Amino acid sequence: MSAAVTLPCMPAQAYAGKVCVCQLRRGICDQSCVAGMLETPLYIACLRLSGRNCLVVGGGDVGLEKVEGLLACDADVTLVAPTAVGALRELAEEGSIIWERREYRDSDLEGKFLAIAATNDTDVNIAVYDEAERRAMLVNVVDVPPLCNFILPAILRSGPLAIAISTAGASPALAKRIKREIAEQFGEPYARLAVMLNDARGWAKASLPTYQDRKAFFEGIVNGDPDPIELVREGREREVLALIEAAKESHGAVVGSG
């Protein structure tokens, strides 16, 4: 009987025999950089980027993807790259981004909230990471997990609904498959219900005195019978609004009697 094979637990971007692309500069990767990485707990957060200055280094297709993701969140984006793909040039020409048409400098990080390096130059990527770390900034070097202090999960967006899927860098392809499957189960009906519930938040904050009161109000609607998601799917949104109004009357009466 052959011995059992133990599969290595590491991101696909790092494996023994591949040329080292991280700050350890091993020459040939020996996996030192990813030891224990998949066991590292990640603090999941959603960043408010509206009006914040963000830097993308690298003007290729991957840089374009990162720029578009930042613009979708209303960030103020500066691109640093000697050359850029056509779509990035168009964004610069229309004034949607600032394009510094030159090589990266450490001073490019001045005043920035986060930085993303999307180049194929290891020395540039390491320089961005090292300087960002020195400044205690958020930094991500695409496809090099050891040069990141945050990672970018696959995101499913529908209206105000955003669902993030992460494999801690182990398999972006698997994250994309999970995203597709989640999109089939959750999506527009949930987003539309979220909008309707958001409209009731003002009333809840003004009328229900405690967190527990507000929690009971919203959970009673979301988990109630009839199911509001099924009503939305069937195009019966007026009935959902009626459920919300009925819940207001019920909870308002309880609070008033208390």
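Overview of the structure. Here the structure is a predicted model, which means the values were calculated and not measured.

A word on the pattern of salt bridges
Tallying each qualifying case throughout the model produces 13 salt bridges. When the shortest N-O distance is used, the salt bridge between Arg233 and Glu230 registers 2.7 Å. Separated by 3 residues within a single helix, Arg233 and Glu230 lie in helix H8 (residues 228-233), roughly one turn from each other. According to the relative accessible area criterion, Arg233 is partly exposed, its value standing at 42%. Assessed through its relative accessible area of 34%, Glu230 is described here as partly exposed. Notably, a salt bridge pairs Arg236 with Glu239, separated by 2.8 Å at the nearest N-O pair. Exposure remark for Arg236: the relative accessible area of 33% places this residue in the partly exposed category. Look at the salt bridges and you will find they share partners, linking Glu110, Glu131, Arg134 and Arg135 into a network.

What about the packing of helix H1 (residues 61-72) against helix H2 (residues 86-93)?
Put simply, H1 and H2 touch, their axes get as near as 9 Å, and they point 40 degrees apart. By the criterion of interaxial angle, the relationship of H1 to H2 is oblique. By crossing handedness, the relation of H1 to H2 is classed as left-handed. The residues of H2 that touch H1, namely those facing Gly63, Leu64, Val67 and Leu71, are Ala87, Leu88 and Leu91. Among the residues making up the contact of H1 with H2, the classes are represented as 6 nonpolar, 1 polar and no charged.

Observations regarding helix H7 (residues 211-222)
With 12 residues, H7 extends 16 Å between its outermost C-alpha atoms, agreeing within 8% with the 16 Å of an ideal straight helix rising 1.5 Å per residue. All buried positions along H7 are accounted for by Phe217, Phe218 and Ile221. Angular distribution of buried residues about the axis of H7 spans 85 degrees; they occupy a single face of the element. Turned more than 90 degrees away from the buried face of H7, the exposed residues are Tyr211 and Gln212.

Some thoughts on the environment of Asp213
With respect to the secondary-structure elements, Asp213 resides in helix H7. Excluding its chain neighbours within four sequence positions, the residues that come into contact with Asp213 are Leu208 and His251.

The rules behind the values
- Residues numbered from 1 in each chain as written.
- Predicted model: local features only at pLDDT ≥ 70, side-chain atom pairs only at ≥ 80, totals over all residues.
- Heavy atoms only, no water.
- Salt bridge = Lys/Arg side-chain N within 4 Å of Asp/Glu carboxyl O.
- Helix = DSSP H or I, 4+ residues; strand = E, 2+ residues; numbered from the N terminus.
- Buried < 20%, exposed > 50% of the residue type's maximum accessible area, 1.4 Å probe, protein only.
- Axes fitted to C-alpha atoms, helices over the stretch in contact; angles between N-to-C directions.
- Parallel < 35°, antiparallel > 145°, perpendicular 65-115°, else oblique.
- Left-handed = near helix turned anticlockwise from the far one by under 90°.
- Contact = heavy atoms within 4.5 Å.
- Nonpolar A, V, L, I, M, F, W, Y, C, P; charged D, E, K, R; others polar.
- Expected span 1.5 Å × (residues − 1).
- Arc of directions from axis to C-beta.

Purely geometric stuff here, so don't read any function into it on its own.
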